[in-house]
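Structural overview for review
One-letter residues, chain by chain:
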Amino acid sequence: MATLDSKIPSGPLADKWRKHKTEIKLVNPANKRKYEVIVVGAGLAGSSAASSLADLGYKVKCFVFHDSPRRAHSIAAQGGINAAKNYQNDGDSVHRLFYDTLKGGDYRAREANVHRLAEVSVNIIDQCVAQGVPFAREYGGLLANRSFGGAQVSRTFYARGQTGQQLLLGAYSALSRMVGAGAVDLHTNSEMLDLVVVGGQAKGVIIRNLVTGEISRHSADAVILATGGYGNVFNLSTYARGSNTTAIWRAYKRGACMANPCYTQIHPTCIPVSGDYQSKLTLMSESLRNDGRIWAPKKAGDTRAPAAIPESERDYYLERLYPSFGNLAPRDIASRAAKRICDEGRGVGSTGLGVYLDFADAINRLGEPAVRERYGNLFDIYHEITAESAYKAPMRIYPAVHYTMGGLWVDYNLMSNIPGLFVLGEANFSDHGANRLGASALMQGLADGYFVIPYTIGDYLAGQKPGSRPAADAPEFRQAEADVRGQTTRFLATKGKQPVSHFHKKLGKIMWDRCGMARTKAGLEAALQEIPALREEFNASVNVPGSADTLNQSLEKAGRVADFLDLGELMCRDALTREESCGGHFREEHQYPDGECKRDDEKFGHVAAWEYQGEGKTPVRNTEPLNYEFTKMSLRNYK
Amino acid sequence: MVAASTLKTFSVTLRVWRQAGPAAAGGFVDYPAKDISPDMSFLEMLDVVNDELTAKGIEPIAFAHDCREGICGTCSCTINGKPHGPGKGVATCQTYMRSFSDGDTIVVEPFRARAFPVVKDLVTDRAAFDKIQQSGGFITARAGSAPDANALPIPKGDADLAMDAAQCIGCGACVAACKNASAMLFVSAKVGHLGLLPQGQAERDRRVLAMVNTMDTLGFGSCTNQYECSAACPKLISHDFIARMNRDYLTASLRSAFKPAPANTGGGAA
Amino acid sequence: MNLVGNLFGSSIGRKILMAVTGLALIGFVIGHLVGNLQVFSHPDKLNGYAHFLQSLGPALWVARIGLLVCVGIHIWAATVLTLESKRARGGQAYGVKTWIQATLASRYMRWTGYVVLAFIVYHLAHFTLGTAQSDTFKASLPAYKMAHDYHVLGFTVVPAGTEVLDVHRMVILGFQPPLVAGFYLLAVGLLSLHLLHGMDSLFQTLGWRNSRWSQSLRTVVILACLAYFAGNVAIPGAVLTGKLSLESAAKSAPAAHH
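I will try to describe carefully the structure that is included in this document. Quantities reported herein were computed from a predicted structural model and do not represent experimental measurements. (Residues numbered from 1 in each chain as written. Chains lettered and ligands numbered in written order. Predicted model: local features only at pLDDT ≥ 70, side-chain atom pairs only at ≥ 80, totals over all residues. Heavy atoms only, no water.)

1. Concerning the overall build of chain C
To keep it simple, the criterion reads: Helix and strand definitions here come from DSSP, where helices need a minimum of 4 consecutive H or I residues and strands a minimum of 2 consecutive E residues; each element is numbered from the N-terminal end. The classification of residues rests on relative accessible area computed with a 1.4 Å probe and restricted to protein chains. Under 20% of the type maximum is buried, over 50% is exposed, and intermediate values are partly exposed. To measure how exposed things are, a 1.4 Å probe is used in the Shrake-Rupley method; for residues, cover is taken only from the protein chains shown. Under this rule, positive means Lys or Arg and negative means Asp or Glu; His and the chain ends count for nothing. Here the site of a charge means NZ on Lys, CZ on Arg, CG on Asp, or CD on Glu.
The secondary structure content of chain C amounts to ten helices and four strands. Counting from the amino terminus, chain C carries its helices and strands in the arrangement α-α-α-α-α-α-β-β-β-β-α-α-α-α. Seen through its principal axes, chain C has C-alpha atoms that stretch 70 × 40 × 40 Å. Looking at chain C as a whole, 42% of its 258 residues qualify as buried. Within the structure as shown, chain C displays about 13,300 Å² of accessible surface, and the carbon and sulfur contribution to it stands at 70%. Here chain C carries 18 positive and 8 negative side-chain charges, and the mean point of each set is 20 Å from the other.

2. Here's the deal with the interface of chain B and chain A
To keep it simple, the criterion reads: Whether two residues are in contact is decided by their heavy atoms, any of which lying within 4.5 Å being enough. Summed over both partners, the accessible surface that disappears when two parts come together, traced with a 1.4 Å probe, is what is meant by buried area. What makes a salt bridge here is a side-chain nitrogen of Lys or Arg within 4 Å of a carboxyl oxygen of Asp or Glu, nothing more. The term polar contact refers here to a pair of N or O atoms within 3.5 Å; inside protein, the definition further demands a hydrogen-donor-capable atom paired with an acceptor-capable atom, and it admits residues adjacent in sequence only when both atoms are side-chain atoms. Classification used: nonpolar for Ala, Val, Leu, Ile, Met, Phe, Trp, Tyr, Cys and Pro, charged for Asp, Glu, Lys and Arg, polar for all others including Gly.
With 74 residues of chain B at the interface, the matching set in chain A holds 83 residues. Note on chain B versus chain A: buried area summed over both sides is about 6,400 Å², and carbon and sulfur give 53% of it. Counting across the chain B and chain A interface gives five salt bridges. Residue Glu69 of chain B pairs with Lys280 of chain A through a salt bridge whose shortest N-O separation is 2.6 Å. Here chain B is connected to chain A by 40 residue pairs in polar contact (both at pLDDT 80 or more). Mapped onto the side of chain B that touches chain A, the elements with two or more residues apiece are helix 1 (42-55), strand 6 (118-120), helix 2 (127-134), helix 3 (156-166) and helix 5 (184-195) of chain B. A class-by-class count of the residues in the side of chain B that touches chain A yields 40 nonpolar, 17 polar and 17 charged.

3. Quick notes on the sheet that holds strand 2 (residues 27-36) of chain B
All names here are of chain B. Put simply, the rule is: Two strands form a pair only when DSSP identifies at least two bridges running between them. Note on definitions: angles span 0 to 180 degrees between N-to-C directions of axes, and those axes are lines fitted to C-alpha atoms, for helices only across the stretch in contact.
Within the open sheet, the five strands sit side by side as 2-1-5-3-4. Their pairing is mixed. Of all the strands in the sheet, the pair left with one neighbour each is strand 2 and strand 4 (82-83). Bridge count between strand 1 (residues 10-18) and strand 2: eight bridges; the pairing is antiparallel. The residue bridging Arg18 from the neighbouring strand is Gly27, located in strand 2. Each of strand 1, strand 2, strand 3 (77-79) and strand 5 (105-110) is contacted by helix 1, which is oriented at about 100° to strand 2, the strand it contacts most.

4. Concerning the sheet that holds strand 17 (residues 421-423) of chain A
Residue and element names in this part refer to chain A. An order of 5-2-1-9-17 is seen for the five strands of this open sheet, with the pairing classed as parallel. Looking at which strands have only one partner, the edges of the open sheet turn out to be strand 5 (184-187) and strand 17. On average, adjacent strands in this sheet sit at an angle of 20° to one another, irrespective of strand direction. As judged from the three bridges shared by strand 9 (residues 222-225) and strand 17, these two strands associate in the parallel manner. In the sheet register, Ile224 faces strand 17, and the bridge partner there is Phe422. In this fold helix 3 (residues 44-56) packs onto strand 1 (36-40), strand 2 (59-63), strand 5 and strand 9, with an angle of close to 160° to the strand it touches most, strand 2.

5. Focus on helix 15 (residues 521-541) of chain A
An α-helix turns once every 3.6 residues. As a result, residues three or four positions apart point the same way. Note the threshold: To estimate how far a helix should reach, multiply one less than its number of residues by 1.5 Å.
Over its 21 residues, helix 15 of chain A extends 30 Å from the first C-alpha to the last, a length consistent with the 30 Å expected when each residue adds 1.5 Å. Buried within helix 15 of chain A we find Gly523, Leu524, Ala527, Leu528, Ile531, Leu534, Arg535, Phe538 and Ser541 of chain A.

6. With respect to helix 5 of chain B
All names here are of chain B. Between its first and last C-alpha atoms helix 5 spans 15 Å; for twelve residues at 1.5 Å apiece the expected length is 16 Å, and the two agree. Burial runs high along helix 5: twelve of the twelve residues are buried. Burial in helix 5 covers these residues: Met184, Leu185, Phe186, Val187, Ser188, Ala189, Lys190, Val191, Gly192, His193, Leu194 and Gly195.

7. Re the interface of chain C and chain B
On the chain B side, the residues contacting the 39 residues of chain C number 53 residues. The largest per-residue losses of area from chain C upon contact with chain B belong to Ile12, Arg89 and Gln204 of chain C, which jointly make up 17% of the total buried on that side. Counting across the interface, chain C meets chain B through zero salt bridges. At the junction of chain C and chain B, the tally comes to 31 residue pairs in polar contact (both at pLDDT 80 or more). Looking at the side of chain C that touches chain B residue by residue, the class counts come to 14 nonpolar, 19 polar and six charged.

Here it is as structure tokens:
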């Protein structure tokens, strides 16, 4: 059993981080250059960490599977980034941001971590502005804010609908500066395929160059994983096609605990699937629900055009079921309601998986120009993808996976249970509990990279003798490399009938049906039969053409899908074991009559951290109790 | 509503550039793409063709892609002679099959330029863009040293214009479209973005001189003011930024010629 | 970093050199045209003007060398940039390539440039050196006696009675062969096309152009090029159509000979 010591500092909540920073060990400037740190991933968390550590004087090697660090999927975040600046004079504070985030996470995150996140949020905005991030501004030249879900203040900073892009390019520019200065050794097209653990500590990685196929060993004094979330286990999601779980999954197989893997966030307003060929779901901003009315036909199998369905045969189901919140019901509620409608056969569109988001009333009330001014760019995106005009006919929308709150378990220092292995950003589980609030993902990625890891990694490295890192040809490295080569050879040698995508689609369907918006004991148990069967089929009949020594996208996908198959099973196991509903984890057995999540704080007020036991063996479920010292776990209620 | 377009499928012929590796000779190969839905994205159509090729034992077509929502800048096909295909202001991943008709032959090539060598099939190496950024595309701001974000008001117009430039997704369509394979639009977008902001002034001259120098060294061509770049840009970034960079470059050259050099340049590492 | 190095050594520097030399050459061709349009006036005007220019001596040579240097730099920069750009495009051409919006004028700059260069050589040989037509063409012109004083800025620079080269007659004789006039028309047409892109483009290269007024700039450039073309067409056009002939010149001359 792994020991899970969260290392939360003692003392009052608001003093913990300050106190911790003054108490943890430091590495003196002359020694920093003697330590080598590997950073895997170059999204918000990875780029900010790599550049900050290099700026401090550490030798940094950064590995990215993309052809450039600027491609990381942080770039696609639209809405904004939260910070407790209180520039609007509307009563915001660090404590309010802390409280909103903790409550939004349905009381399944650590108090101390969330408070630290809220504290450093203000520094993030300062840092980004100094880097030249062109945030939206008022005419007076000061920063503009907007409001977002789950908060009663305007604390979200934004750069049009491309906030993630601008923040990532800011972090990328900081990283580029350090690469240009020779302080970061950047390796693009480089996918991490294994973690090397020497003497119980993370001391290196195995990398495959995706262009040349070369497999190389890299040793370091510490390893940082900032490799993002695993939502592509569902195949269809708002994630980039390349987003994967491989880095964290292989670390899991080397002993790092995987925490709360079942916590998945599903966004209610995405453009629905149009056919089997679909590769990607596109998010439509939640703001549309301010003026759009969601409905479905009352009758199942009604294929009439929406305009032909009279008012009396329409079911404005959110307004009916949740009269006080109506179309602005919380994300998870709105998502689950849409799913139920479609399960009843009342879904619309050619696939039957969609509901209407209708602007006819808004256009009648406000006029088309006003609607165009508010939502024009979103209507354009919708038109681009569907060739339909939302001014003339209602939009079709459906929920889609877009974030995973679970990830590798880390302590307050963001170090996993393997000493020397740090995990940042979406790849860890730390700050969002069971549900993430809008505009908080960007905040966490940058908090971890700019303002947490530069302090906490020193505490670990100070305990490592400079120059003590193992050579990259130590037996552990050779073994790990051999394992990686073995897997590659197996994929290429299988020469089965089905392309990798076949298995990914099948897994995605199982996960979506069984471990998606609503989960049941029976469904999850079925999934735990179906996924191993699918894995066997995959191992026996996957077709990976080409060779290992060139760019081979089928081979890349095969490795990732193999890991998704394993992870999917663990997610179902975690969801099955967590006999409660909380945030993004909804067990139909555990709900209040109004459909709200029914938590069980007594039995499940803890983090579940799964520990790998070997191929084919059931993993061990460790728990870390969530001790709420300052806040009371209460019913999450937005009414 | 079932859109009429979702019901009718069609077939096209793909004439695709196949090239086994950077040093290998390449050539066009025709593949049929049958039962194509107009609602498919161009890349989804390639996915389907690739699965069919895999089933036939033919190595699938390598193509670059990731976010599939037009923001990461990875996708990079030249379709019928235009980078990213027929649409205006869209990336390859936002090109839908409804832009084509039954029986069309669609010519698909990589973005071509000497500075973007072909890696395989439709995939090119655009690391040159990163090198340009590394030579000066940043504001030096150490984490933890920033003043309060509102300490420096920035006129909304300047911030908005900077954002227009900052939207660049680094895809390289500008280079691919330019008859000179010039990277001026890309470089000028970054120079313009940072140069428009007060934070960017300290390094303004250094930045433009260094980035242009790197751009030249990496073997990009020069600008002949035809503006094919901005017309092909998926973010429709204006060539106004090129004019602005030209002026910045001239001003920086003049300033560096006439400003006395300090006797000692200690401090300010990197 | 040094200024000369940046101007001659970088792509943008060379573009700036092209723009600046182009601007000087645009100034020259417009001035040249305005001077030449005096052919429609009394022969005294063009002949006095030509004599005045010839009499400038060293200043004329400074201007000539300056223009030659501009042409030289313009061509050098164009050549270097073109070679670099060809190299930048890479060894493998597109199988299919479509233009999105580049103007015709911009796409044929190199070709219009070649023709303009050939024309400059011919034009100098024709009128400056007088060797392009028969060898007696310029040398055998009878001297012209100024009927009036020729003034520049109120000063008399060529007094009446001075015997000067009869440039007026030379122009009319020079354009009488239809082939010569035809080549001239073609060349100025292409030069106007060259200017159509060049005049617009130099504003971009020098950083003075932006979308707030680029449409107005475009309109001005188009009108300027049309006017330039019309002015240049007028001279050989008038000769070819007989509107301007030795007889018409003689008709206006008596007025001066009274």
